[in-house]
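# Structure at a glance
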Amino acid sequence: MPFLGDKHNESKSREEIILKGIPSSPGMALGKAYVIKPEVIIIPVIQIPADKISHEIARLEDGLHNMMNEIQTALDKVKNDSQNISAILETNLLILKDEFIISSIKERIKTGYSAESAVVQEYENQINFFKNSKDLVLKERSFELEHLKDKLLATIRKKITNHNIPENSVIVAQAITPTDVVNFKESKVAGIITEAGGIASHSALLARSFGIPSVIGVRDAHSLINIDCDIIIDGYAGLIHICPSNECIKEYEARKSKEDEHKRELGELINLNTETQDGIKIKLTANINSPDEVKEAVLFGCDGIGLVRTENLVMNLKRFPDEEEQYNWYKEITDRAYPNPVVLRAFDIGSDKYLEGLPHVELNPALGLRGIRFLLHREDIFSNQLRAFLRASVNKNLKIMLPMISSLNEIEHSKILLEKCKSELKEKDIPFDYKIPVGIMIETPSAALLAGKFAGEVDFFSIGTNDLTQYTLAVDRDNEFVTELYDTFHPSVLKLIKNIVDSAKSKKIPVSICGELAGHAAATNFLVGIGIDELSVPPVILLELKKRIRSLNFKKAKKTAKDIINCDSSSDLMKLLELI
Ligand code: PEP
Ligand code: MG
């Protein structure tokens, strides 16, 4: 890969410039720019005489062999990392080794083309196939093939040069391959900036796995950034400060030292699995209210976002956002969390989230037109949101969740609307995840009692213990006069939770808790013991909760949970919990 020399850029301005891209790997870094100039490879259609055919085939084989060796060397370097990392490189290797592609290239050479021309023709064929796919992830693969093709061409032409990248460089490139990322890691680069987008690309995934802050989709990065100039890369917000001012550097240093301190304190836990001492794994996800909060959740190593309260967008704007505004908000969240899943809950408007200006004033809003009831009453608002969800689902890491479900009819009606929105997008050729999972909040006693039936209709459950408690005990969650009665550990609430978990298990759908109980220190033993799959809590609680889960023994927790479920009074139950 050729690199731009110092002198090419010396004349450029040294003023601070801020560029915005897509945050693709979280973290902050400050380093010197290392600009990798994209090689413009123009391969003319070269016809060769018959006596050159075997020579061209040998050149192709030589190129393939060298490139496979390069990937194999990268594979050896990551053999101690996670399996996902090797899998990414192995996919590249499989593409190169593909017998069908190799023999098609050779056939083209036999008809009189040079090795390079034949590679271009065959790879373009494959690339066009993926490029035309409506599936964005497959589309992404076309870029990957493009980079592989360029690299193969450069290898055949023996134009691959190895460079010593100085430690702490911020790589600036048009596009990179997964093998490049492995080499960058070895060179201890500080960050990566690419012009090519593609949050789902394998290179982006690798940077994330290696914890290298990176920002992608930065247009004209390599022409705007001078080699050797200082760069601050903010992989949380997707910002790049070129030649940062002293003030900006100070601010960066403060943020960085906070980040480092946090990492040090909890660092060991972040990279450890969330599992009990006897190996039962629990997913730990985060409850968030805005795209900005994803960074904290990611920093704490969560397995995804278990609840996005999308009504916060409405409350911030003090009006309903249009489809485009929503799409941008949702896409930012799903991009930042990628490849981990994100559960976006449809607007839970009403009750305590009553919004001034909404077309209803109710005497008893908690029992009124709230959550799914409001959405089905205002199909226009609901459809806008569903379309925005679908459009933001192209990376296939978005799940839709319906709030305040109490009857089957509400699920069916919502699904019909969703299908209608899917057809509208299909007609306009707008891509989305056709198999987008749809789940429901179980937060009314009605839903808890009918969970066995509902489990056959949806892809997942999330238990909203805040509302489940309020509706089960008939105690207003916001009324200070009955605070003492608002008891999430009430035996009736715990029995309902157990019923919901059992129902989900019987239909083999995952079940999580996203209400406050999920993070309550006294509840972890019980929740793990009844077989909960996932706990979704505010980001700040994630690591404490992980620590608690790691200290538990599942078999013991199961037994205690049984005793707890058999308690008929809160006081007996609390005594049991205190004993744990
Ligand atoms: C719940 O009810 O437990 C829940 C998570 O939803 P919210 O608190 O937003 O009503
Ligand atoms: Mg709720």
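Residues numbered from 1 in each chain as written. Chains lettered and ligands numbered in written order. Predicted model: local features only at pLDDT ≥ 70, side-chain atom pairs only at ≥ 80, totals over all residues. Heavy atoms only, no water.

## Here's the deal with the pattern of salt bridges
Test applied: One speaks of a salt bridge when a side-chain nitrogen belonging to Lys or Arg is within 4 Å of a carboxyl oxygen belonging to Asp or Glu. Only DSSP runs of H or I with at least four residues qualify as helices, and only runs of E with at least two residues qualify as strands; both kinds are numbered from the N terminus onward. Any residue under 20% of the maximum accessible area for its type is buried, any over 50% is exposed, and the rest in between are partly exposed; the area is computed with a 1.4 Å probe on protein chains only.
Using the criterion set out here, one finds 38 salt bridges in the structure. For Asp 230, the salt bridge identified is with Lys 32, shortest N-O distance 2.7 Å. Highlighted residues: Asp 230 in strand S7 (residues 230-234) and Lys 32 in strand S3 (residues 28-36), separated in sequence by 198 residues. With its nearest N and O atoms 3.0 Å apart, the salt bridge here joins Glu 122 to Arg 108. With Glu 122 in helix H4 (residues 115-131) and Arg 108 in helix H3 (residues 99-110), the pair connects residues that are 14 residues apart, well separated along the chain. Among the residues examined, Glu 122 registers a relative accessible area of 3% and is labelled buried. Among the charged side chains, a salt-bridge network with shared partners connects Glu 311, Arg 345, Asp 348, Arg 370, Asp 467 and Arg 477.

## Some remarks on the packing of helix H1 (residues 53-77) against H4
Rule in force here: Between N-to-C directions, angles cover 0 to 180 degrees, with each direction set by a line fitted to C-alpha atoms, over the stretch in contact for helices. With respect to orientation, any angle under 35 degrees is reported as roughly parallel, any angle over 145 as roughly antiparallel, any angle of 65 to 115 as roughly perpendicular, and every other angle as oblique. We call two residues contacting when some pair of their heavy atoms lies within 4.5 Å. Here the term charged refers only to Asp, Glu, Lys and Arg, the term nonpolar to Ala, Val, Leu, Ile, Met, Phe, Trp, Tyr, Cys and Pro, and the term polar to all other amino acids, Gly among them.
At a closest axis distance of 9 Å, the pairing of H1 and H4 adopts a crossing angle of 60 degrees. Relative to H4, H1 is oriented oblique. Across from Glu 56, Arg 59 and Leu 60 in H1, the residues of H4 making contact are Ala 115, Glu 116 and Val 119. When grouped by side-chain class, the residues that make up the contact of H1 with H4 number 3 nonpolar, no polar and 3 charged.

## Some thoughts on the sheet that holds S7
Heads up, the condition is: The criterion for strand pairing is that DSSP finds at least two bridges linking the strands in question.
Within the open sheet, the 8 strands sit side by side as S1-S8-S7-S3-S4-S5-S6-S2. Their pairing is mixed. The sheet is open, and its two edges are formed by strand S1 (17-20) and strand S2 (22-25), each paired on a single side. If you compare each strand with its neighbour and ignore which way they point, the axes differ by 30 degrees on average. Examined bridge by bridge, S3 and strand S4 (residues 169-173) share 5 bridges and lie parallel to one another. Residue pairing in the sheet places Ile 36 in a bridge with Ala 173 of S4. Contacts from helix H7 (residues 202-210) reach S2, strand S5 (191-194) and strand S6 (214-216) within the one sheet, and its direction differs from that of S2 by about 60 degrees.

## Thoughts on the sheet that holds strand S16 (residues 534-537)
Around the barrel, 8 strands lie side by side as S9-S10-S11-S12-S13-S14-S15-S16; this closed barrel has parallel pairing. Averaged over all adjacent pairs, the angle separating strand axes in this sheet is 25 degrees, with direction ignored. The sheet contact formed by strand S9 (residues 283-288) and strand S10 (residues 305-309) spans 3 bridges and is parallel. Bridge pairing in S10 links Asn 287 to Leu 307. Sheet contacts for helix H19 (residues 491-506): strand S13 (438-442), strand S14 (460-463) and strand S15 (511-513); angle to S14, the most-contacted strand, approximately 165 degrees.

## Observations regarding the coordination of the magnesium ion (ligand 2)
The line we're drawing: Counted as coordinating are nitrogen, oxygen and sulfur atoms within 2.8 Å of the metal, or 3.2 Å for Na, K and Ca, while water is not included, which may make sites look incomplete.
At this site the magnesium ion (ligand 2) is bound by Glu 443 (OE) and Asp 467 (OD), with donor distances of 2.0 to 2.1 Å. Of this pair, Glu 443 sits in the loop between S13 and helix H16 (445-449) while Asp 467 is found in helix H18 (residues 465-473), placing the two residues 24 residues apart along the sequence. Neither residue differs from the other here; Glu 443 and Asp 467 are each classed as buried.

## Things to note about the nonpolar core
Put simply, the test is: By nonpolar core we mean a set of buried residues, namely Ala, Val, Leu, Ile, Met, Phe, Trp, Tyr and Cys, connected to one another through side-chain atoms within 4.5 Å.
Grouped together as the largest cluster of nonpolar side chains are 94 residues, with contacts concentrated most on Phe 461, Ile 497, Leu 527 and Leu 535. Element by element, the count of residues in this core is highest for H19, at 7 residues. When sequence neighbours within four positions are dropped, the list of residues in contact with Ile 497 reads Ile 463, Thr 465, Leu 468, Ile 513, Leu 517, Leu 527 and Ile 530. Core analysis: the second largest hydrophobic core is formed by 48 residues, Leu 75, Ile 102, Phe 184 and Phe 210 among them.

## Section: the state of the cysteines
Here is the rule we go by: Our working definition of a disulfide is a cysteine sulfur pair at a distance within 2.5 Å.
Inspection of the entire model under this criterion finds 0 disulfides. A disulfide-free cysteine, Cys 302 has its sulfur positioned 14 Å from the sulfur of Cys 514, the nearest such atom. When its relative accessible area of 1% is taken as the criterion, Cys 514 is described as buried.

## Focus: the pairing of S9
Inclusion rule: For a crossover, the right-handed case is the one in which the path from the first strand over the helix to the second runs clockwise, viewed with the strands pointing away from the viewer.
Most of S9 is tucked away: 5 of the 6 residues are buried. In terms of strand pairing, S9 meets S16 through 4 bridges, oriented parallel. When the bridges of S16 are listed, Lys 283 appears paired with Glu 534. With helix H10 (residues 294-299) bridging S9 and its parallel neighbour S10, the resulting β-α-β unit is right-handed.

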